[in-house]
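# Tertiary structure, described
What follows is the residue order along each chain.
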Amino acid sequence: MASEYSAKQILEVQSLSCTREDRDLFSGLSFTLTPGHALQIEGPNGSGKTTILRLLCGLRLPDEGDILWNGQSIFEDRAEYLSNLAYIGHAHGVKGELTPLENLQVSQAMSAVESPISADEALEKLGLFGFEDAPSRTLSAGQRRRVALARLMLNPVPLWILDEPFTAIDIHGQKQIENMITEHVLRGGMAILTSHHPLDLSDDHLTSLNLAK
Amino acid sequence: MKNASLSNAFFTMLKRDLTLALRTRSEIANPLLFFIIVVSLFPLAVSPEESLLRTMAPGIIWVAALLATMLSLDSIFRSDFEDGSLEQMLLSPQPIALLVLGKIMAHWLVSGLPLILIAPILGISLFLPGEAMFALLATLALGTPVLSLVGSIGVALTVGLRRGGVLLSLLVLPLYIPVLIFASNAIATAAAGISIKGQLYFLAALFALAVTLAPMATAAALRISLR
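Residues numbered from 1 in each chain as written. Chains lettered and ligands numbered in written order. Predicted model: local features only at pLDDT ≥ 70, side-chain atom pairs only at ≥ 80, totals over all residues. Heavy atoms only, no water.

### Side note on the packing of aromatic side chains
Inspection of the entire model under this criterion finds three aromatic pairs over all chains. An angle of 80° between the planes, with centres 5.0 Å apart, marks the rings of Phe10(B) and Phe11(B) as edge-to-face. (Phe/Tyr/Trp six-rings, centres within 6.5 Å; stacked < 30°, edge-to-face > 60°.)

Set out below in structure tokens:
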């Protein structure tokens, strides 16, 4: 399949260590992620899954180690790295007082890439047709998460970092989001996610990282 | 990055925060009501005597404006911090200081501007002489943006704390004192019929300093708070 993103991009994590409140969450963590690959981070609650994702976004500084994007530390050339990254955390940043459409328009303006589709189309793809103009606080938790995930459709960036993307989403929607992720990876994108949900990707495309000791 | 996308990001942030404020109206009403109530309580509590109120008017109005602004500061980043929007903002490739400036400007339009509009009426109710009216408006116009700008640094530093309210006042209040002194002094001086150019220049300098440096300091503080 033809790749939509540059094949040269590479994310390298070099001997990352992190402690939280005097407790070693993980140490000496290293991995490399190249286009067309997904990394699934697994582990029990409190094992530091979200912490890793926040480190990978550059929101948190590692105690030791470095994270390189195309050979450059992400803590140095922040803007270049961030223009390649989409993060959807546990708190996904969908404003209850704004409509789904307004929420997407804001994230579109914050992004540095041209959108291939309109905000309306992105919402329709996530099954939110007819809810564009309702205040987001009137939507269900699952629908609000779908609004957040619609950002991935709107701003085509190579690296997706997703914290439990399937939370609060119904079975049909889980399948849909799983397809979104596999399609993205097969198109030459990269994805890092924390979830226990099995992904329909062959071992060539999917790596698992288990944080349990 | 294109210039168009920079201004687009700035104005989108400004519009977003204004829309949010208009939809949750208490954000506008609360500081304004507080301002009016505090100022109108003084004649009742102290004395309705004209000469006394006239000398106290500049101080009363400015202290009330300062406290009203401080009351509303937390709203700049609090709800965005809680629902994850702040993380998304920090992960935007656009310059954070610019987005922060958009948010501060929205905060001032919502909490500072209404104070300026209502101030002349409150001035009259405290027998502030006509000559001092220009000084009142000019000091508020130059001073309230400084309060919003400097306050945003304090909010950014305390937004990650569960009970940051007291700490915020302690952090921000000392930085507000110069504005308070020069502004209320300017009004009193103008009421006496003396030129207030010096005070206004000083307030303008504070404003220039705050508008250029505060967004950057706030952006850095937000990075620390979210760590």
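We are not done yet, so read on.
### Focus: the packing of helix H8 (residues 165–191) of chain B against helix H9 (residues 197–225) of chain B
All names here are of chain B. Put simply, H8 and H9 touch, their axes get as near as 9 Å, and they point 150° apart. Looking at the two axes, H8 sits roughly antiparallel to H9. Crossing hand, H8 versus H9: left-handed. Across from Pro178, Val179, Phe182, Ala183, Asn185, Ala186 and Thr189 in H8, the residues of H9 making contact are Gln199, Phe202, Leu203 and Leu206. Partitioned by chemical class, the residues of the contact of H8 with H9 number eight nonpolar, three polar and no charged. (Axes fitted to C-alpha atoms, helices over the stretch in contact; angles between N-to-C directions. Helix = DSSP H or I, 4+ residues; strand = E, 2+ residues; numbered from the N terminus. Parallel < 35°, antiparallel > 145°, perpendicular 65-115°, else oblique. Left-handed = near helix turned anticlockwise from the far one by under 90°. Contact = heavy atoms within 4.5 Å. Nonpolar A, V, L, I, M, F, W, Y, C, P; charged D, E, K, R; others polar.)

### With respect to the sheet that holds strand S4 (residues 64–69) of chain A
Residues and elements named next belong to chain A. The four strands are arranged S2-S1-S4-S5 in an open sheet whose pairing can be described as antiparallel. Here the strands that pair on one side only, and so sit at the sheet edges, are strand S2 (23–33) and strand S5 (72–73). Judged from the two bridges that link them, S4 and S5 form a sheet pairing that is antiparallel. Opposite Leu68, over in S5, you have Ser73 as the bridge partner. Helix H1 (residues 49–57) contacts strand S1 (11–20), S2 and S4 of the sheet and is inclined by roughly 130° relative to S1. (Pairing = 2+ DSSP bridges.)

### Examining the interface of chain A and chain B
Chain A puts 29 residues into the contact, and the matching count from chain B is 28 residues. At the boundary of chain A with chain B, total buried surface from both sides reaches about 2400 Å², with 58% on carbon and sulfur atoms. Counting the surface chain A buries against chain B, the share from its top three residues, Leu59(A), Lys95(A) and Met110(A), is 28%. Between Asp80(B) and Lys95(A) there is a salt bridge, with the nearest N and O atoms lying 2.8 Å from each other. Between the two partners, chain A and chain B, sit 12 residue pairs in polar contact (both at pLDDT 80 or more). Per-element accounting of the side of chain A that touches chain B gives the leading share, five residues, to helix H3 (residues 100–110) of chain A. A breakdown of the residues in the side of chain A that touches chain B according to their chemical character gives 15 nonpolar, six polar and eight charged. (Buried area = accessible area lost by both parts, 1.4 Å probe. Salt bridge = Lys/Arg side-chain N within 4 Å of Asp/Glu carboxyl O. Polar contact = N/O pair within 3.5 Å; in protein donor to acceptor, adjacent residues only side chain to side chain.)

### Looking at the sheet that holds strand S9 (residues 206–210) of chain A
Residue and element names in this part refer to chain A. On the basis of which strands lie adjacent, the open sheet formed by five strands has the order S6-S7-S8-S3-S9 and parallel pairing. For this open sheet the edge positions go to strand S6 (85–88) and S9, each flanked by a neighbour on one side alone. Neighbour to neighbour, the strand axes of the sheet diverge by 15° on average, direction disregarded. Lying on the sheet, H1 is in contact with strand S3 (37–42), S6, strand S7 (159–163) and strand S8 (190–194); it crosses S7 at an angle near 150°. Together, S6 and S7 form the strand contacts of helix H5 (residues 141–154), whose direction differs from that of S6 by roughly 175°.

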